[in-house]
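Breakdown of the fold
Chain residues, written in single-letter form:
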Amino acid sequence: MQSIISLIQPLYTALGAGEVNVGDVWGLALCLLMLLGAVALTVDGKSEITKVEETTQAVSETEPKVVESEVAGHKIKEVVVPRVSWKDRLTKGLSRSRQEVWGKLEKIFTGESLDEDTLEEIEELLYTADIGPTTAAELIDALREKAKDTDFKSENFRVFLKDFLGKIFEGPQASIDSSLFSFNPNETFKRPKVIMVVGVNGAGKTTTIGKLATKLTGQGAKVVVGACDTFRAAAVDQLAVWCERAGAEMIRAKEGSNPSGVGYQALETAMNSGADYCILDTAGRLHTKGNLMEELAKSKRVLTKLDADAPDHVLLVIDAITGQNALRQAEEFHQTLGLTGLIFTKCDGSSKAGAAVGIVKKLEVPITYIGVGENVEDLDQFKAEEYLDSLLS
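First, a word on scope: everything that follows refers to the structure included in this document. This is a predicted model, so every value here is computed, not measured. (Residues numbered from 1 in each chain as written. Predicted model: local features only at pLDDT ≥ 70, side-chain atom pairs only at ≥ 80, totals over all residues. Heavy atoms only, no water.)

1. Notes on the nonpolar core
Counting residues in each nonpolar core, the largest one holds 88 residues, and the members touching the most others are Trp102, Leu143, Ile279, Phe344 and Tyr387. Broken down by element, the residue count for this core peaks at seven residues, all from helix α7 (residues 157-173). Val224, Cys228, Ala270 and Ala275 belong to the second-largest nonpolar core, a separate cluster that totals 13 residues. (Core = buried A, V, L, I, M, F, W, Y, C linked by side-chain atoms within 4.5 Å. Buried < 20%, exposed > 50% of the residue type's maximum accessible area, 1.4 Å probe, protein only. Helix = DSSP H or I, 4+ residues; strand = E, 2+ residues; numbered from the N terminus.)

2. Topic: a negative patch on the surface
Together, Asp115, Asp117, Glu120, Glu121 and Glu124 make up a negatively charged patch on the protein surface. Positionally, glutamate 124 belongs in helix α5 (residues 116-128). For glutamate 124, a relative accessible area of 56% gives the class exposed. (Patch = residues over 30% accessible without salt bridge, like charges linked within 9 Å, V, L, I, M, F, W, Y side chains within 5 Å. Areas by Shrake-Rupley, 256 points an atom, 1.4 Å probe, with all protein chains shown as cover. Salt bridge = Lys/Arg side-chain N within 4 Å of Asp/Glu carboxyl O. Lys, Arg positive; Asp, Glu negative; His and termini not counted. Charge placed at Lys NZ, Arg CZ, Asp CG, Glu CD.)

3. Describing α7
The first and last C-alpha atoms of α7 sit 24 Å apart over 17 residues, in line with the 24 Å expected at 1.5 Å per residue. Of all the bends in α7, the largest measures some 30° and sits at lysine 167. All buried positions along α7 are accounted for by Phe157, Phe160, Leu161, Phe164, Leu165, Ile168, Phe169, Pro172 and Gln173. (Expected span 1.5 Å × (residues − 1). Bend = angle between axes of the 7 residues up to and from the residue.)

4. Section: the packing of aromatic side chains
Summed over all chains, the structure comprises seven aromatic pairs. Ring centres of phenylalanine 152 and phenylalanine 160 lie 6.0 Å apart, and the angle between their planes is 75°; this geometry places the pair in the edge-to-face category. Here phenylalanine 152 and phenylalanine 160 have matching classes, each one buried. Through pairs of rings, three or more aromatic residues link up here, namely Phe152, Phe160 and Phe164. One Lys or Arg, arginine 245, reaches over the ring of tryptophan 242 and ends 5.7 Å from the middle of that ring. (Phe/Tyr/Trp six-rings, centres within 6.5 Å; stacked < 30°, edge-to-face > 60°. Lys NZ or Arg CZ within 6 Å of the ring centre and 35° of its normal.)

5. Description of the pairing of strand β8 (residues 341-345)
Judged by how many residues are buried, β8 sits mostly within the fold: five of five residues are covered. Both faces of β8 are covered, namely the face carrying Gly341, Ile343 and Thr345 and the face carrying Leu342 and Phe344. With five bridges joining them, strand β7 (residues 313-319) and β8 adopt parallel strand pairing. Bridge assignment links leucine 316 to a residue of β8, and that residue is leucine 342. After leaving β7, the chain enters helix α12 (residues 325-337) and then returns to the sheet as β8, a path that is right-handed. (Pairing = 2+ DSSP bridges. Right-handed = clockwise from strand over helix to strand, strands pointing away.)

6. Remarks on the environment of isoleucine 168
When you line up the elements, isoleucine 168 lands in helix α7. On a C-alpha basis, the gap between isoleucine 168 and valine 357 in space is 7.2 Å, while along the polypeptide they are 189 residues apart. In contact with isoleucine 168, not counting residues within four places along its chain, are Thr135, Val357, Val360 and Lys361. (Contact = heavy atoms within 4.5 Å.)

7. Quick notes on the pairing of strand β9 (residues 367-371)
β9 sits mainly inside the fold: five of its five residues count as buried. When β9 meets strand β10 (residues 379-381), the two strands line up antiparallel, connected through three bridges. Following the sheet pairing, tyrosine 369 is matched in β10 by glutamine 381.

8. Concerning the packing of helix α8 (residues 205-217) against helix α9 (residues 233-246)
The geometry of α8 relative to α9 is characterised by a closest axis approach of 9 Å and an angle of 15° between their N-to-C directions. By the angle between their directions, the pair α8 and α9 is classed as roughly parallel. Handedness of the crossing formed by α8 with α9: right-handed. From α8, Thr206, Thr207, Ile209, Gly210, Lys211, Ala213, Thr214 and Thr217 reach across to α9, where they touch Ala235, Gln238, Leu239, Trp242 and Ala246. Here the residues of the contact of α8 with α9 are counted per class, giving six nonpolar, six polar and one charged. (Axes fitted to C-alpha atoms, helices over the stretch in contact; angles between N-to-C directions. Parallel < 35°, antiparallel > 145°, perpendicular 65-115°, else oblique. Left-handed = near helix turned anticlockwise from the far one by under 90°. Nonpolar A, V, L, I, M, F, W, Y, C, P; charged D, E, K, R; others polar.)

9. What to know about the sheet that holds strand β5 (residues 249-251)
Pairing within the open sheet is mixed, and its eight strands lie in the order β5-β4-β6-β3-β7-β8-β9-β10. Pairing within the sheet leaves two strands with one partner each, and these edge strands are β5 and β10. The mean inter-strand angle of the sheet, taken between neighbouring strand axes irrespective of direction, is 20°. Sheet topology places strand β3 (residues 193-198) next to β7; four bridges connect them, and they run parallel. Bridge pairing in β7 links isoleucine 195 to histidine 313. The strands that α8 touches are β3, β4 (223-227), β6 (277-281), β7, β8, β9 and β10; relative to β6, the one it contacts most, it runs at about 170°.

Right under this line is the structure:
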């Protein structure tokens, strides 16, 4: 202690502070410790700020950003939404189905072989996936055969699932007309491609038509949309907003008008104006109401008075949330109208996106589009391999 006092004394003398005592030494030591502590906290705080900034930056990569720019001396704020690939959108959209159903299948099969108890667990989980009892039973039978193979291990399970489910899509998906997705401005159709879109209320039919029109006009196509859901003014108004944004012409009539007449007028307009596509919205119909379904059949027949081949496509919009009930819907609409394709929507809000498998297997009708969100970019062409990769990865 005396040596420390001797070191400090010259400073005290120079400052005219008198003699150094033990209390002064302890006071200086305490001040020094506090100073070191403050420095340490500052360094640690900067480190934490850096971490927060890094985390914020990672999150903001997928969040909309407000970018300020200057044009002709005026500051303009613009919201920029980062581009997200369709693969990432699909993977995120199918996350609930993957986590709550399909991902659990692989966790069940963790041993070196498949015993009967494991097969029963897998079977129970498959029924919650809403792929349908027939498909589930066939998958279990195929697994039982695989279980006899001593080389079949848990790591082979996902490959087996993808191969089994992929074969269900092979035939139907091969029959899809590519003009549903892409329009070549250098090629002109001799007549408008007529797309009749049907479905129950709430499935997302009107929104889907708006997105489809936007995609086609964005490729240079001339599109006429018929607002044939004349019983719901809100649906017509919603469609009008979509058409205005897309640059598509919309044909509408007074509320309560004959839906068949609106469809006829829309197709007539499309033919006379040289449009490339004529997309017809229809009134939402419960598949259990025979008289209402017959009205849809009448709307389809009326189109043949103008064009014997119309409509080219009858697409059923299915809400993934309905699960196994979607199969019942599809069967009734198919029997009445002869469906040529399906549009699977709202897959992001359900764990039952696997229902698509059972419907395609039962009806042998392809899925044309799949939807995983509200934006135009959240609706895209259905590709079985992408779908299965996102569902099982």
